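# Descriptive structure summary
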Amino acid sequence: MVKKETGLDLNPSSLLKRHHIFVKFAVSFLLVGLAFRLLVSDSLPFSSSVAESKSPSPPLSRVETNTIADSPLPSSSTSLPVQVAGAGDLLANESQTIQNATVAAECDLFVGDWVPDPSAPAYTNATCLDIEAHQNCMKNGRPDSGYLYWRWNPRDCELPRFDPEKFLDFMKNKWWAFIGDSISRNHVQSLLCMLSQVEQAVEVYHDEQYKSRRWHFPSHNFTLSVIWTPYLLKADVFEDINGVSSSETQLHLDKLDETWTEQYKNFDYALIAGGKWYLKTAIYRENDTVTGCHYCPGKNLTEMSFEYAYHRALKLVLNFTMDSSHKAFVFLRTTTPDHFENGEWFSGGTCNRTAPFKEGEVDTKDVDAVMRGIEMEEFEKAASLGAENGVTLKLLDTTGMSLLRPDGHPGPYRQFQPFAKDKNAKVQNDCLHWCLPGPIDSWNDVVMEMVIRGSQ
């Protein structure tokens with residue numbers, strides 16, 4: 001005991017030194033404890049989030065989601081509010097994902113702009129053998145090529161380029177028909193040229209004038225048709241290849257053209273269009289009786305508007321497709337504007353522009369606005385009927401995007417080397433149809449996207 005007692009150092013300076021050591025140890029302990037406290041506090045929310053993710057919770061209603069999103073940021077000292085904030089973040093992310101998907105699904109493919117595109121066209125007159133002579137602008141000597149380097153760009157979403165291989169795979173064992181006038185023929189040639197970069201089609205049918213034709217893609221068992229029916233209705237037309245009539249067309253407003261209706265049951269996809277021919281002189285018949293005439297000066301017949309006839313025609317066409325027991329995927333394409341300036345096709349009109357219009361630089365012609373209005377009205381009526389009957393009906397609204405491309409027509413180059421002999425020669429211009437390759441190729445970008453969306 002004496003040794004223990006005598007072992008104690010009771011010197012004041014020694015005591016002070018020992019006291020300092022004790023204070024330092026106590027302060028160090030407090031700091032370590034505080035650091036541990038902070039570490040544990042920060043880790044709790046993370047641990048809670050992980051635990052929460054392992055056991056799914058019931059979905060929150062829209063009101064609950066809004067309540068969480070609108071809550072103030074909680075204090076960091078409480079764990080439960082931190083968990084709620086974490087759930088809010090997850091819901092916000094999920095909501096944003098859904099919103100993005102909804103925007104993509106609802107994006108209007110026909111509201112956009114033509115933007116410069118430095119990449120080469122999908123084909124040329126050297127790589128595609130299906131270009132009709134009147135649309136073969138490159139071969140016919142068109143000197144500029146700037147019209148080839150633009151692409152259609154919707155404003156609210158990305159439009160993928162047409163993928164011919166993917167399209168053909170999608171169309172295995174299917175039949176697609178383009179039904180309408182020469183613009184439909186122009187369109188099918190564009191599609192043929194794009195597909196020919198993967199597989200060359202075999203022509204298996206054509207009519208006497210090569211206006212109605214059919215092709216087959218053996219590797220994919222895909223059939224592609226174009227059916228010449230400019231009115232879509234039964235019509236007796238007396239017109240030569242240059243559009244010169246020897247007599248008035250007899251148009252039956254109550255009868256569909258059997259050229260396409262008798263084949264309709266074969267089609268998986270049908271792209272239907274008309275319109276322009278309704279501007280021509282025609283005698284209207286119903287129940288095999290003459291009821292009037294459109295633009296028949298000098299004849300003792302009741303003058304009737306093309307609007308009346310076009311309404312009747314589209315209603316009959318769309319009701320047939322919507323009521324049919326055969327459920328095809330149907331497109332209605334809207335009217336195609338022309339770009340004749342300083343006259344019409346028969347009066348010296350030309351189209352010499354070499355670049356697209358920007359929005360606001362050109363107005364839709366009254367007649368095109370009227371036609372598109374009729375198409376929109378009849379489409380809306382038919383879409384309701386189609387929904388009831390399980391038929392897919394889509395509007396291929398190419399009017400606006402086409403209006404902005406005055407540079408894409410053959411113009412004088414509908415003929416081979418029109419100025420070879422005389423640089424000032426007066427030649428007929430084509431400011432309605434499209435050069436191939438040309439702006440009409442972008443229609444196929446849109447069509448493919450609509451097909452993919454429709455399948456989903």
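Criteria and cut-off values
Residues numbered from 1 in each chain as written. Predicted model: local features only at pLDDT ≥ 70, side-chain atom pairs only at ≥ 80, totals over all residues. Heavy atoms only, no water. Salt bridge = Lys/Arg side-chain N within 4 Å of Asp/Glu carboxyl O. Helix = DSSP H or I, 4+ residues; strand = E, 2+ residues; numbered from the N terminus. Buried < 20%, exposed > 50% of the residue type's maximum accessible area, 1.4 Å probe, protein only. Pairing = 2+ DSSP bridges. Axes fitted to C-alpha atoms, helices over the stretch in contact; angles between N-to-C directions. Parallel < 35°, antiparallel > 145°, perpendicular 65-115°, else oblique. Left-handed = near helix turned anticlockwise from the far one by under 90°. Contact = heavy atoms within 4.5 Å. Disulfide = S-S within 2.5 Å.

## Considerations on the pattern of salt bridges
For side chains bearing opposite charge, pairing can occur when the charged atoms are close. Within this structure, the stated rule accounts for 18 salt bridges. One salt bridge connects Lys365 with Asp338, and the closest N-O pair in it is separated by 2.5 Å. Taken together, the residues span a long stretch of sequence, with Lys365 in the loop between strand 12 (329-333) and helix 9 (366-389) and Asp338 in the loop between strand 12 and helix 9 at a distance of 27 residues. Residue Lys365 is classed as partly exposed on the basis of its relative accessible area of 29%. Look at Asp338 and you get buried, because its relative accessible area is 14%.

## Here's the deal with the pairing of strand 10 (residues 282-286)
Regular strands place their side chains on alternate faces of the sheet. Counting buried residues along strand 10, 4 of its 5 residues qualify, which places the element largely inside the surrounding structure. Examined bridge by bridge, strand 10 and strand 11 (residues 289-294) share 5 bridges and lie antiparallel to one another. Each residue of the ladder has a partner; that of Glu286, found in strand 11, is Thr289. The antiparallel hairpin formed by strand 10 and strand 11 contains 2 residues in its connecting segment, where Asn287 sits at a positive phi of about 55°.

## Some words on the packing of helix 8 (residues 306-323) against helix 9
Where helix 8 contacts helix 9, the axes come no closer than 9 Å and their chain directions differ by 25°. The angle between helix 8 and helix 9 places the two elements in the roughly parallel class. By crossing handedness, the relation of helix 8 to helix 9 is classed as right-handed. Along its contact with helix 8, which presents Phe306, Glu307, Tyr310, His311, Leu314, Lys315, Leu318, Asn319, Met322 and Asp323, the element helix 9 presents Val367, Val370, Met371, Ile374, Glu375, Glu377, Glu378, Phe379, Ala382, Leu385, Gly386 and Asn389.

## Side note on the state of the cysteines
Within this structure, the stated rule accounts for 5 disulfides. The disulfide partner of Cys137 is Cys435, and the gap between their sulfur atoms is 2.0 Å. Of note, the bridge from Cys137 to Cys435 carries an S-S torsion of about -90° and is left-handed in sense. You can see Cys137 sitting in the loop between strand 1 (112-116) and strand 2 (150-154) and its partner Cys435 sitting in the loop between helix 10 (399-403) and helix 11 (441-455), a full 298 residues away along the chain. With relative accessibility at 0%, the residue Cys137 sits in the buried group. Its relative accessible area of 0% is what places Cys435 among the buried residues. Disulfide partner of Cys351: Cys431, at an S-S distance of 2.1 Å. Measuring handedness by torsion sign, the sulfur bridge of Cys351 and Cys431 sits at about -90° and is left-handed. Note that Cys351 is positioned in the loop between strand 12 and helix 9 and Cys431 in the loop between helix 10 and helix 11, a separation of 80 residues in sequence.

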